[in-house]
Amino acid sequence: MENIEKLGVDIGGVIIANQDVNADTSFMSKNYLSTPALADAFIELKKLNEGRFRDRVYLVSKCGPSVQSKTRKWLKHNHFYETTGIPEDKVHFCMERREKAEISLSLGLTAFVDDRLEILGYLKHMRDLFLFNPTKEEVEANKEHLPLVKVVRTWSELGALLNP
Ligand SMILES: [Mg+2]
């Protein structure tokens, strides 16, 4: 059973764009439903959920209750579930970064995509770790984990790696 591949995907900075807090459509503003998705995120997630990780793609996000509720509204408003085929019950939240490891273990995830190298450092037990478009500061502050991960800049790059 444990050869079954399961993919975990972070939300902020991987599916929902991280924008400057002063941007009109920042997720921290009242216009958060208009915060853009990362280019090709939905289409590549749909392909992965239909292909290699058939019905085994999970979203795992660390945030407090207010951002959790905004995230659920954003996913619905932007037709995430219909477009990707990933159902709402595959969305998981936690309050602490290190809790992503507990969730990932209990779900049996084998691969994870995150924009935080620190988080991937908690997920060392997984076969495939992808660091998505990180900031220079994030890499510098956690560089001991860099040998564990593959760095990707875009969803089409990630899709090509995961769906060769
Ligand atoms: Mg993130």
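Below is a short write-up of the structure. (Residues numbered from 1 in each chain as written. Predicted model: local features only at pLDDT ≥ 70, side-chain atom pairs only at ≥ 80, totals over all residues. Heavy atoms only, no water.)

What to know about the packing of aromatic side chains
Evaluation of the coordinates by the stated rule reveals five aromatic pairs. Between the aromatic rings of F42 and W74, the centroid separation amounts to 6.0 Å while the plane-to-plane angle is 85°, which identifies the pairing as edge-to-face. Pair noted here: F42 is in helix α1 (residues 41-50) and W74 is in helix α2 (residues 65-77), with a separation of 32 residues, a long-range link. Grouping residues by exposure puts F42 and W74 together as buried. (Phe/Tyr/Trp six-rings, centres within 6.5 Å; stacked < 30°, edge-to-face > 60°. Helix = DSSP H or I, 4+ residues; strand = E, 2+ residues; numbered from the N terminus. Buried < 20%, exposed > 50% of the residue type's maximum accessible area, 1.4 Å probe, protein only.)

With respect to the sheet that holds strand β1 (residues 7-9)
Strand pairing in a sheet is mediated by backbone hydrogen bonds. Such pairs are either parallel or antiparallel. Spatial strand order, β3-β2-β1-β4-β5-β6: six strands in an open sheet with parallel pairing. On the outer flanks of this sheet lie β3 (91-94) and β6 (150-152), each paired with one strand and no other. Strand-to-strand twist of the sheet, defined as the mean angle between neighbouring strand axes without regard to direction, takes the value 25°. Of the strand pairs in this sheet, strand β2 (residues 57-62) and β3 are connected by four bridges, and their pairing is parallel. Residue pairing across strands places L59 opposite V91, the latter belonging to β3. Packed on one face of the sheet, helix α7 (residues 155-162) meets β1, β4 (111-114), β5 (128-132) and β6 and runs near 140° to β6. (Pairing = 2+ DSSP bridges. Axes fitted to C-alpha atoms, helices over the stretch in contact; angles between N-to-C directions. Contact = heavy atoms within 4.5 Å.)

Quick word on α1
What α1 keeps buried is the set A41, F42, E44, L45, L48 and N49. Down the axis of α1, the sector holding all buried residues measures 165°, keeping them to one side. Elements that come into contact with the buried residues of α1 comprise β1, β2, α2, α3 (80-84) and α7. (Arc of directions from axis to C-beta.)

Some words on the coordination of the magnesium ion
Each pair of donors in an ideal octahedron of six around a metal sits at 90 or 180 degrees, and each pair in an ideal tetrahedron of four sits at 109.5 degrees. For the magnesium ion, the full set of protein donor atoms is D10 (OD), G12 (O) and D115 (OD), at a range of 2.1 to 2.2 Å. Written as a sequence motif, the donor arrangement for the magnesium ion is D-x1-G-x102-D. Residue G12 is classed as partly exposed on the basis of its relative accessible area of 31%. (Donors = N, O, S within 2.8 Å, 3.2 Å for Na, K, Ca; no water.)

Observations concerning the environment of Y81
Mapping Y81 onto the fold places it in helix α3. Y81 sits in the buried class, given a relative accessible area of 12%. Setting aside its immediate chain neighbours within four residues, Y81 contacts R72, L75, K76, I86, P87, E88 and V91.

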